[in-house]
Amino acid sequence: MAPPPRLRILSVGGNAISAFLSWRLQATTSCDVTLVWKSGFDAVSQYGVSFKSKAFGNERFKPRHVVRAPEEASSRENAYDYVILCVKALPDVYDLASVIESVVTPQHTCILVNTTNTLGIEAHLEQRYPTNVILSLVSNVEISQTGPSEFEHLSSSEIYVGATNKSSSIPTSIQSDMAAALAMTLNSGQVDCKVSDNIRQEQFDRMIGPIAFHPASVVFETPNHTQLLEKTGVRPLVMGIIDEMMELASAHGCSFPSDFRDKTVQRMIALDSPTTMYSDFQGRRPMEVETFLGSPIKLAIESNVRIPRIETMYAMLHHVNITNQNKPRQESPPASVMGQPPPRLSSAPPQQRPMMNGGPPPMRGSRTPSGMGMPTPQRRGPPPGMMPRGPGGPMPMPPPNRVQRDPSLEGLEEFSHLVVYDEQGEPTIPHQNGNGYPEPASGPAAELTLRERELALRQRRRGPVPSRPATAFDEEDEDYFDPMDNMAIPHIDPDSVDMMSMTSRRGRKGPSHSQLRKNPEFGINTPPLEAAARPHQPSTATLAGNARANV
């Protein structure tokens, strides 16, 4: 007797729930799973997906096929029995039904769409594929993603599947049979999968809290839900939205316990991390406005239920979503007063959240994600008087034309009446004349005194410098050092000294060859300068390769 044919399953979406379902279906040994995984495709194609689980053990599994897009999967099988669609629904950005158009066989393929964090997206799929069974999935599985293709199953394996539309052209019995067959297959993979007679109940149970809190947290720019309820008028607004959602759910055959509202509020307050919608708001990515608020409005119109608070919140969040994505980029901050250049910022828009793996590019006229420009590191230039570092270290700049006087002292005579200094370099108040204005100093003696005090002030500002050898290297001044650090300053006439020649590299070098030929003992008592002249040897960088994980 020939074995029963294996189920051909395509899982679309490189995320936690798609990976989990693929893992458990592959473990049944009765399914051939093809996984659509775009980001990190090479690693997943070669090594598979890694899972850690207390219930199922630790395993790295490889699906039968891994492809980048559904179009590539269409040639792998003649017809898929099930297509599991785990793609973020953004009806105002792209057409969700067109994502799987190439892999849906009319009157054969059953489409299972993940509605764990959304509401009302099945209607569009039913219109697009009227001859195919459309099932909804609501997952209570807790999964944490620890790497690009590494996941950890934390708790629960409870999953609900069922059809939302009972009045379609497909008989209810066929819908129930397809749901039961899928649930039986997942149960053989140790997944607690249940067939729901009213999948709307599980959808509203999960979505009433997020619909009431997530849009309000964005509109009021308060990610913490406890602080959100403390704002003026927000608590009645949130409670009113919960009441409207419960009334809408009741119109679709759902019922709730008496303490449902209070438990929903407590569950939402217990969340300590920003929601996905708020993260999208901060990243200026498209938010799920239509699936959170637009879909309830459509359901309310069909059911003749009034939901004025949700309609108001939809208008506000719709405006915030468009305005947030069209905000102009912030300009570069001005340069600091200290003369340091401001950091270079990219003028490109911030990186948008990439489309869920397997999804098509945005429709014509929609926003497309773009890359974030990386800031260019600022390289500090060489110290004053030095050329950029070459293979042998910094090169001294050519000496400037010699001048008779220190250029920094030129023209100071006209400012002598503002501030003068005593012998210790402390400022003193100049003598004032009868009109209350400082009396200007004049004469050769005053000019000489001013220059002497200027030199004393320079020495005082320099401060005591600890002695260091000539080979010392300072990160701030590179290889530049001041020869005045280790010697006493004699009394000199500033008008007869060329300061540039004293501080240049030429003044710090040892004796020339011509001087040694004339006097072989020249500088015999001076310290050796071989270390100072030795070129800087850069350290060798070590190269390390990243070992790939063993399969």
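In the block above lies the structure referred to throughout.
Reference entry: report on the structure contained in this document. (Residues numbered from 1 in each chain as written. Predicted model: local features only at pLDDT ≥ 70, side-chain atom pairs only at ≥ 80, totals over all residues. Heavy atoms only, no water.)

## Structural notes on the sheet that holds strand 4 (residues 59–61)
Remark on secondary structure: sheet strands pair via backbone hydrogen bonds, oriented parallel or antiparallel. One open sheet holds the four strands; their spatial order is 4-3-10-9, and the pairing between them is mixed. In this open sheet, the two strands that pair with only one neighbour each are strand 4 and strand 9 (142–147). When strand polarity is set aside, the average angle formed by the axes of neighbouring strands in this sheet is 25 degrees. Strands in contact with helix 1 (residues 16–27) are strand 3 (49–53), strand 4, strand 9 and strand 10 (150–155); relative to strand 3, the strand with the most contacts, it is inclined by about 85 degrees. (Pairing = 2+ DSSP bridges. Helix = DSSP H or I, 4+ residues; strand = E, 2+ residues; numbered from the N terminus. Axes fitted to C-alpha atoms, helices over the stretch in contact; angles between N-to-C directions. Contact = heavy atoms within 4.5 Å.)

## A closer look at the pairing of strand 9
As judged from the five bridges shared by strand 9 and strand 10, these two strands associate in the antiparallel manner. Bridge pairing links Q145 to F151 in strand 10. Taking the residues between adjacent antiparallel strands as the criterion, strand 9 and strand 10 are bridged by two residues.

## Structural notes on the pattern of salt bridges
Enumeration according to the criterion identifies 13 salt bridges in this entry. Salt-bridge contacts for E101 lead to R128; the nearest nitrogen and oxygen are separated by 3.3 Å. Taken together, the positions of E101 in the loop between helix 4 (96–99) and strand 7 (110–114) and R128 in helix 5 (residues 122–128) put the pair 27 residues apart, joining distant regions of the chain. A residue is classified by how much of its surface remains accessible, and E101, at 46% relative accessible area, is partly exposed. The class of R128 is partly exposed, set by a relative accessible area of 30%. Of the charged contacts, one joins R309 and E244 as a salt bridge, the two residues approaching to 3.4 Å between their closest N and O atoms. Here R309 is found in helix 13 (residues 308–325), whereas its partner E244 is found in helix 9 (residues 234–251), with 65 residues between them in sequence. (Salt bridge = Lys/Arg side-chain N within 4 Å of Asp/Glu carboxyl O. Buried < 20%, exposed > 50% of the residue type's maximum accessible area, 1.4 Å probe, protein only.)

## What about the sheet that holds strand 2 (residues 31–36)?
With mixed pairing, eight strands are arranged side by side in an open sheet as 5-2-1-6-7-8-11-12. What marks the edges here is a single partner per strand, and that holds for strand 5 (65–67) and strand 12 (192–195). Between one strand axis and the next, the sheet turns through 20 degrees on average, direction left out of account. Note that strand 1 (residues 7–12) and strand 6 (residues 82–85) share four bridges and pair parallel. For V12, the partnering residue across the bridge sits in strand 6 and is L85. The sheet strands contacting helix 6 (residues 172–188) are strand 1, strand 2, strand 6, strand 7, strand 8 (134–139), strand 11 (158–162) and strand 12, and the helix crosses strand 12 at an angle near 170 degrees. Sheet contacts for helix 7 (residues 199–219): strand 8 and strand 11; angle to strand 8, the most-contacted strand, approximately 40 degrees.

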